[in-house]
Amino acid sequence: MAADPVVSVDAVSKVFATRAGPVHALRDVSFSVPRGHTLGLVGESGSGKSTIARLVLGLERPTTGAVRFESVDLSAAGRAARKRMRRRMQMVFQDPYSSLLPHLTVLSNVVEPLRLHGIGTVAQRRERATQMLVRVGIGAASAGFYPRQFSGGQQQRIAIARALVLEPEFLVCDEPTSSLDVSVQAQILGLLQGLQRDLGLTCLFVSHNLAVIERMATEVVVMCGGRVVESASTEELFAHPAHPYTRRLLAAVLPLEGDAPPLPADDWDPASLDDDEREVVRISPGHYLRA
Ligand code: ADP
Ligand code: MG
């Protein structure tokens, strides 16, 4: 991938200890997100996407391997360094209501991160928060209402304002439109695209939906069972999907028509992923496959 990654994930594994025994949520995951790019992480539920998002945000530590933000190892960084990094990386989640503070007005919700980081005077914070709300499509006249008084799509706009008011460089979006109606989804994706362009954001964009990934991402990492099975630029991945699992995901969103080649449907056994002898091979420049 291009030089100057903002985030790099290097040979990361994550094992959760549970009563039922260890859960291997991630196995040997590596990728990096170049500055100004959006890396799309796609895979079915349970494939490890949210675990990666949490590791990248420093909310959880890898069992082995390293996650770096601008070449600083998040696990090795001290408290003060982590707080500084947290300001520069923000997140938008699937359920906007749970990321808002229900007892605070919308304006106070957006002011709060500025206050916590000691940015500006009271008047400056209110001014900046109001501007951000207007930018995401919430009029200043609505700023005194409470989160519950808004629709899901509007709540997600407010959550986006809250995430971006600190002017982060890096944004993690974990299924940000999965709980919204289809028409609202498109509006929120459009808003995120515009903001990303205007603010020069670097993004990690998580979705189980390849159609969403195709729209948002510049490169794609396909996850299955906690492993990366394929990665490539978005254009390359959609033109030449190589892994049977990727083709399955594609078939689920883009029904093949006419004389398209038949899918190698169910002759692929997901259990074959557990073969640790499989290697990651480069099948064309920038296109990698676990084969
Ligand atoms: P995704 O976001 O792709 O749906 P997750 O990263 O949430 O996948 O989960 C990957 C796997 O790790 C799943 O098997 C899940 O049950 C497990 N897992 C995630 N978080 C925990 C946890 N805190 N404790 C135990 N198992 C977990
Ligand atoms: Mg998830």
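Here is what the cut-offs are and how they apply
- Residues numbered from 1 in each chain as written.
- Chains lettered and ligands numbered in written order.
- Predicted model: local features only at pLDDT ≥ 70, side-chain atom pairs only at ≥ 80, totals over all residues.
- Heavy atoms only, no water.
- UniProt positions renumbered as here; feature names shortened; annotations may be inferred.
- Salt bridge = Lys/Arg side-chain N within 4 Å of Asp/Glu carboxyl O.
- Helix = DSSP H or I, 4+ residues; strand = E, 2+ residues; numbered from the N terminus.
- Buried < 20%, exposed > 50% of the residue type's maximum accessible area, 1.4 Å probe, protein only.
- Phe/Tyr/Trp six-rings, centres within 6.5 Å; stacked < 30°, edge-to-face > 60°.
- Lys, Arg positive; Asp, Glu negative; His and termini not counted.
- Contact = heavy atoms within 4.5 Å.
- Pairing = 2+ DSSP bridges.
- Near = heavy atom within 4 Å.
- Polar contact = N/O pair within 3.5 Å; in protein donor to acceptor, adjacent residues only side chain to side chain.
- Areas by Shrake-Rupley, 256 points an atom, 1.4 Å probe, with all protein chains shown as cover.
- Nonpolar A, V, L, I, M, F, W, Y, C, P; charged D, E, K, R; others polar.

Naming follows an unreviewed UniProt entry, where the protein appears as ABC transporter domain-containing protein of Fodinicola feengrottensis. In UniProt, the protein has this text filed under Sequence similarities (unreviewed entry): "Belongs to the ABC transporter superfamily."

Draft legend 1. Structural detail: the pattern of salt bridges. Applying the stated criterion to the full structure yields 11 salt bridges. A salt bridge links Glu70 to Arg88; the shortest N-O distance between them is 2.5 Å. With Glu70 in the loop between strand E4 (64–69) and strand E5 (72–73) and Arg88 in helix H2 (residues 79–88), this residue pair connects regions lying 18 residues apart in the sequence. The class for Arg88 is partly exposed, based on a relative accessible area of 28%. We note a salt bridge from Arg88 to Glu169, for which the minimum N-O separation is 2.6 Å. Of the two residues, Arg88 is situated in helix H2 and Glu169 in the loop between helix H6 (152–164) and strand E7 (170–174); the sequence distance between them amounts to 81 residues. Its relative accessible area of 24% is what places Glu169 among the partly exposed residues. Residues joined by salt bridges that share partners form a network here, namely Asp4, Arg35, Glu70, Arg88 and Glu169.

Draft legend 2. How the structure looks around the packing of aromatic side chains. On inspection of all chains with the given rule, the structure shows two aromatic pairs. The interplanar angle of 75° and the centroid separation of 6.4 Å between the aromatic rings of Phe145 and Phe150 together place this pair among those described as edge-to-face. What makes Phe145 partly exposed here is its relative accessible area of 40%.

Draft legend 3. Seen up close, the side chain of Lys14. Among the structural elements, Lys14 can be located in strand E1 (residues 5–18). Buried and unpaired, Lys14 has no salt bridge, with Glu60 as the nearest side chain of opposite charge at 4.5 Å. In contact with Lys14, other than residues within four places in its own chain, are Val23, His24, Ala25, Leu26, Thr51, Leu55, Glu60, Arg61, Pro62 and Thr63.

Draft legend 4. Summary view of the environment of Gln187. The residue Gln187 is located in helix H7 (residues 182–199) in this model. C-alpha separation for the pair Gln187 and Gly153, spaced 34 residues apart in sequence, amounts to 8.5 Å.

Draft legend 5. Representation of the sheet that holds E5 within the structure. With respect to topology, four strands assemble into an open sheet ordered E2-E1-E4-E5, the strand pairing being antiparallel. For this open sheet the edge positions go to strand E2 (21–34) and E5, each flanked by a neighbour on one side alone. As paired strands, E4 and E5 are joined by two bridges and run antiparallel to one another. The partner of Phe69 across the bridge, within E5, is Val72.

Draft legend 6. Representation of helix H4 (residues 106–116) within the structure. The buried fraction of H4 is high, at eight of 11 residues. Among the residues of H4, those classed as buried are Val106, Leu107, Asn109, Val110, Val111, Glu112, Pro113 and Leu114. Those residues of H4 that are buried lie in contact with helix H5 (122–135) and H6. The first or second residue beyond H4 is Gly118, which carries a positive phi of 65°.

Draft legend 7. Main features of the site of ligand 1. Phe16, Thr18, Val23, Ala25, Glu44, Ser45, Gly46, Ser47, Gly48, Lys49, Ser50 and Thr51 make up every residue found near ligand 1. Backbone polar atom of Gly48 to an oxygen atom of ligand 1: 3.1 Å apart, as the coordinates give it. Separating an oxygen atom of ligand 1 from a side-chain N or O atom of Lys49 is a distance of 2.8 Å. Protein contacts shield 60% of the accessible area of ligand 1, which totals 560 Å² for the unbound molecule. When contributions to the shell around ligand 1 are tallied by element, the ones reaching two or more residues are E1, E2 and helix H1 (49–56). Class assignment of the residues belonging to the shell around ligand 1 gives a composition of three nonpolar, seven polar and two charged.

Draft legend 8. Molecular detail of the pairing of E1. Summarising the sheet, E1 and E2 pair through 10 bridges and their orientation is antiparallel. For Ala17, the partnering residue across the bridge sits in E2 and is Pro22. Linking two consecutive strands that pair antiparallel, namely E1 and E2, is a turn of two residues. Bridge count for E1 against E4 is five bridges, and the pairing is antiparallel. Among the inter-strand pairings, Val7 is bridged to a residue of E4, identified as Phe69.

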